[in-house]
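The primary structure of each chain is shown beneath.
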Amino acid sequence: MSDTSGTPTDSTPTEALYFQLFNEIGIISQLSSSAFEKALPHGLTAAQFGVLNHCVRLGDGQTPARLAAAFQVTRGTMTSTLSRLESKGFIRTEPDPKDGRSKRVYLTEAGKTAREDGVAAAAPLFRDVTGALDRAQAEALLQPLQALRKWLDENRNTDFDGL
């Protein structure tokens with residue numbers, strides 16, 4: 001069970017504990033995305049920044065279909081996001097040399113700069129969050145959250161019982 005503050009106790013059922021964990025992560029995701037998007041320059045949305053960041057982290061030259069799968073959005077949604085990024089000069093698309101029906105997405109120098117500008121613009125948010133978590137707490141959270149993200153990513157296509 002949970003105590004009166006909603007904090008799990010040793011007798012909290014496992015499913016309730018993990019529901020509470022996912023609920024907190026979901027709320028944090030919504031609040032942090034909203035705060036982050038407000039800080040973004042160049043008229044970027046969180047989704048557009050996400051694509052730029054993904055390409056910086058994992059390399060560009062991916063297909064729109066692969067990006068859609070990575071972000072778990074429809075191809076149409078990804079095409080729209082990529083179109084907006086291309087109109088801003090942050091990406092370029094080129095025909096796939098191996099498959100003429102497909103394209104490859106590449107960051108431009110302006111796109112790399114826009115990503116860095118976004119990170120810099122959010123710096124005040126990152127500094128202010130120390131009021132909720134100090135550095136040691138943030139470091140302690142990072143590894144278990146990365147493990148959870150990795151597990152969820154590896155199991156994204158799993159058909160869980162009852163879902």
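How each quantity is defined
- Residues numbered from 1 in each chain as written.
- Predicted model: local features only at pLDDT ≥ 70, side-chain atom pairs only at ≥ 80, totals over all residues.
- Heavy atoms only, no water.
- Axes fitted to C-alpha atoms, helices over the stretch in contact; angles between N-to-C directions.
- Helix = DSSP H or I, 4+ residues; strand = E, 2+ residues; numbered from the N terminus.
- Parallel < 35°, antiparallel > 145°, perpendicular 65-115°, else oblique.
- Contact = heavy atoms within 4.5 Å.
- Nonpolar A, V, L, I, M, F, W, Y, C, P; charged D, E, K, R; others polar.
- Core = buried A, V, L, I, M, F, W, Y, C linked by side-chain atoms within 4.5 Å.
- Buried < 20%, exposed > 50% of the residue type's maximum accessible area, 1.4 Å probe, protein only.
- Expected span 1.5 Å × (residues − 1).

### Section: the packing of helix α1 (residues 14-39) against helix α7 (residues 135-154)
- Contact pair α1 / α7: the axes reach a minimum separation of 14 Å and the direction vectors enclose 95°. Comparing their axes, α7 and α1 come out roughly perpendicular. Here L21, F22 and I25 of α1 lie close against α7, whose contacting residues are L145, L148 and L152.
- Taken together, the residues of the contact of α1 with α7 sort by class into six nonpolar, no polar and no charged.

### A look at the nonpolar core
- Core analysis: the largest hydrophobic core is formed by 18 residues, its most contacted members being L44, L52, L82, L85 and I91.
- Counting residues per element, the ones that place at least two in this core are α2 (46-58), α3 (64-71), α4 (75-87) and β2 (103-107).
- It is α2 that provides the largest number of residues to this core, a total of four residues.
- In this structure, L52 is in contact with L44, L85, F90, I91, L107, G111, A114 and R115, ignoring residues within four places of it in sequence.

### Focus: α4
- Taking 1.5 Å per residue, 13 residues should reach 18 Å; α4 reaches 18 Å between its end C-alpha atoms and fits that length.
- Buried residues along α4 sit against α2, α3, β1 (91-95) and β2.
- Immediately downstream of α4, the backbone of G89 shows phi near 80°, a positive value.

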